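# Observations on chain architecture
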Amino acid sequence: MTIRALPVPPTDTQVDDWWAVLVAASAADLPQLPAPSRLEVAGRLCVAPARGHAVLWAADEAQGVAGLLLFTDEANSHTAFLDVLTVRPDARRRGVGTALWQRVRDELLAQGRTSVAAMVDLGGPGQAFAESLGFENVLPLAWYAQDVTRQQDRPAVPATPGYELHAWHGLVPDDRAAAVARAHGAMEDAPMGDVDERIETWTAERLHAAHRLILDRGGELTTVAAVTGSGEVAAYTELVLPDPAGARALQYDTVVVPAHRGHGLGRAVKLRMTELAAHRYPALRQIATTVADENTPMRAVNEALGYRHERDTAYYQLKL
């Protein structure tokens, strides 16, 4: 068996092979979820990440694939994120995953990395494989999803006295980007367990780079914010469709600045976001998000809005 490094971006044929592996694995491991679309997969493979350098590998005959993100910002040049390590179901238990991991590990050591992390679904083959390599669960999470087709069950967007709700499709306007970036700093008190990755200061430029990456990969993005009369962003949430024609969207960050907590702003921006998405995307059926197990306030907000537990996952990490 040969493990080949792929060019970045890969060829169309290599993208097709990679996509086929992910679709087959999804059907076997997560049959309740829609399979990743080719547009989504191609976007992630062909458009360079904003925060680092991607390295890709594939096993012969599209038996398996692996993708590593080497962070290039100074604060995280010691670590990396294993974005994908997936083996086609009919090729498992033949050493394919181990061979892919060896190439990943060699690259990590060659680049002087001292740790690597990955998101792992619990209870499936990924957990057993990760733990066999020495990865440890450092941040338990869960996926939650809500059905956006049940409009009659969705509460109305509540009034927000003292705040206006704004929605921006695509990039946040230049005159609001710095305020949204400052609000993002409130994420620093979100549960992070023993994750080795260090939080960078958010700026308008970093915010736009992260959002532009979503758009350049073919996705769509909507930000809903609660804004004070003085222009301060008190709360916001982000909705991402990796494939605008897909049935499932992802809710990214939801932030309420500490000084503005207790006013129902998290609930308001989430409801407004769901309302907008249901009208804008007729094919949309679900919005999904992850929440750390210890983030009790956000779990309570999500449950009140109709999010239901879907599956357990975790941030796993290995010290090299």
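Our subject is the structure that appears above.
Residues numbered from 1 in each chain as written. Predicted model: local features only at pLDDT ≥ 70, side-chain atom pairs only at ≥ 80, totals over all residues. Heavy atoms only, no water.

### Comments concerning the overall build of the protein chain
On a plain count of helices and strands, the protein chain comes out with eight helices and 12 strands. Taken over C-alpha atoms, the radius of gyration comes to 20 Å for the protein chain, in line with the 20 Å a tight globule of 320 residues would show. With respect to the principal axes defined by its C-alpha atoms, the protein chain has extents near 65 × 40 × 35 Å. Relative to its 320 residues, the protein chain shows a buried fraction of 47%. Expressed as a percentage of contacts within the protein chain between residues at least 6 apart in sequence, the contacts between residues at least 24 apart total 73%. Accessible area of the protein chain: about 14900 Å², with a carbon and sulfur share of 50%. Charge-centre separation for the protein chain: the mean point of 30 positive side chains lies 3 Å from the mean point of 40 negative side chains. (Helix = DSSP H or I, 4+ residues; strand = E, 2+ residues; numbered from the N terminus. Rg over C-alpha atoms; globule rule 2.2 N^0.38 Å. Buried < 20%, exposed > 50% of the residue type's maximum accessible area, 1.4 Å probe, protein only. Contact = heavy atoms within 4.5 Å. Areas by Shrake-Rupley, 256 points an atom, 1.4 Å probe, with all protein chains shown as cover. Lys, Arg positive; Asp, Glu negative; His and termini not counted. Charge placed at Lys NZ, Arg CZ, Asp CG, Glu CD.)

### Description of the environment of Ala48
With respect to the secondary-structure elements, Ala48 resides in the loop between α2 (38-46) and β2 (52-59). Separated by 169 residues in the primary sequence, Ala48 and Arg217 have C-alpha atoms spaced 9.1 Å apart. If sequence neighbours within four positions are ignored, Ala48 has contacts with Leu213 and Arg217.

### Describing helix α6 (residues 204-216)
Its 13 residues place the ends of α6 18 Å apart at the C-alpha level, agreeing with the 18 Å of an ideal helix rising 1.5 Å per residue. Listed in full, the buried residues belonging to α6 are Arg206, Leu207, His208, His211, Leu213 and Ile214. Buried residues along α6 sit against α5 (174-184), β8 (220-228), β9 (233-241) and β10 (248-256). Looking one or two residues past α6, Gly218 carries a phi angle of roughly 95°, positive in sign. (Expected span 1.5 Å × (residues − 1).)

### Focus on the packing of α5 against α6
The contact between α5 and α6 brings their axes to 8 Å, and the two run at 100°. As summarised for this structure, α5 and α6 are arranged roughly perpendicular, according to the angle between their axes. When α5 is examined against α6, the residues Asp174, Ala177, Ala178, Val180 and Ala181 are found in contact with a partner set consisting of Ala204, Leu207 and His208. For the contact of α5 with α6, the per-class residue count stands at six nonpolar, one polar and one charged. (Axes fitted to C-alpha atoms, helices over the stretch in contact; angles between N-to-C directions. Parallel < 35°, antiparallel > 145°, perpendicular 65-115°, else oblique. Nonpolar A, V, L, I, M, F, W, Y, C, P; charged D, E, K, R; others polar.)

### Focus on the environment of Asp83
Inspection of the secondary structure assignment puts Asp83 in strand β4 (residues 80-87). For Asp83, a relative accessible area of 34% corresponds to the partly exposed category. In sequence terms Asp83 and Ser230 are 147 residues apart; their C-alpha atoms lie 40 Å from each other. Aside from chain neighbours lying at most four places away, what touches Asp83 is Arg44 and Gly67. At 2.9 Å, the side chain of Asp83 forms a polar contact with the side chain of Arg44. (Polar contact = N/O pair within 3.5 Å; in protein donor to acceptor, adjacent residues only side chain to side chain.)

### A closer look at the packing of aromatic side chains
On inspection of all chains with the given rule, the structure shows two aromatic pairs. Plain terms: the ring middles of Trp101 and Phe135 are 5.5 Å apart, the flat faces sit at 65° to each other, and that makes the pair edge-to-face. Of this pair, Trp101 sits in helix α3 (residues 96-110) while Phe135 sits in the loop between α4 (125-132) and β6 (136-147); the two residues are 34 residues apart in sequence, bridging distant segments of the chain. Of the residues examined, Phe135 reaches a relative accessible area of 5% and is grouped as buried. Positioned above the aromatic ring of Trp202, the side-chain terminus of Arg206 is 3.9 Å from the ring centre. (Phe/Tyr/Trp six-rings, centres within 6.5 Å; stacked < 30°, edge-to-face > 60°. Lys NZ or Arg CZ within 6 Å of the ring centre and 35° of its normal.)

### Observations regarding unusual backbone geometry
Val8 connects to Pro9 through a cis peptide bond whose omega is 5°. Structurally, the position occupied by Pro9 is in the loop between β1 (3-6) and α1 (12-29). One non-glycine residue, Ala62, lies in the positive phi region at around 50°. Accessibility expressed as a relative area gives 18% for Ala62, which makes it buried.

### A closer look at empty space enclosed by the protein
A water-sized probe rolled over the atoms picks out the places where empty space is left. All chains considered together, the criterion is met by one cavity of 30 Å³ or more. There is about 40 Å³ of room inside the largest cavity. In terms of lining, the largest cavity is formed by Phe71, Thr79, Ala80, Phe81, Ala117, Val195, Asp196, Glu197, Tyr315 and Gln317. Going through the elements one at a time, β4 and β12 (308-319) are the ones with two or more residues in the lining of the largest cavity. Across the lining of the largest cavity, the residue classes tally to six nonpolar, two polar and two charged. (1 Å grid on protein atoms, 1.4 Å probe; cavity = no way out; pocket = protein on both sides within 12 Å on 5 of 7 lines; lining within 4 Å. Points joined across faces, edges and corners; volume = space filled by probe spheres on them.)

### Focus on the pairing of β9
Side chains on a regular strand alternate between the two faces of the sheet. Across the nine residues of β9, nine count as buried, placing the element largely inside the fold. Sheet analysis places β8 next to β9, joined by eight bridges and oriented antiparallel. Paired with Thr222 across the two strands is Leu239, which belongs to β9. Between β8 and β9, which pair antiparallel and follow one another directly, the connecting turn spans four residues, one of which, Gly231, has a positive phi of 95°. Alignment of β9 against β10, held across five bridges, turns out to be antiparallel. Opposite Val240, over in β10, you have Leu250 as the bridge partner. With antiparallel pairing between neighbouring strands as the criterion, β9 and β10 make up a hairpin whose turn holds six residues. (Pairing = 2+ DSSP bridges.)

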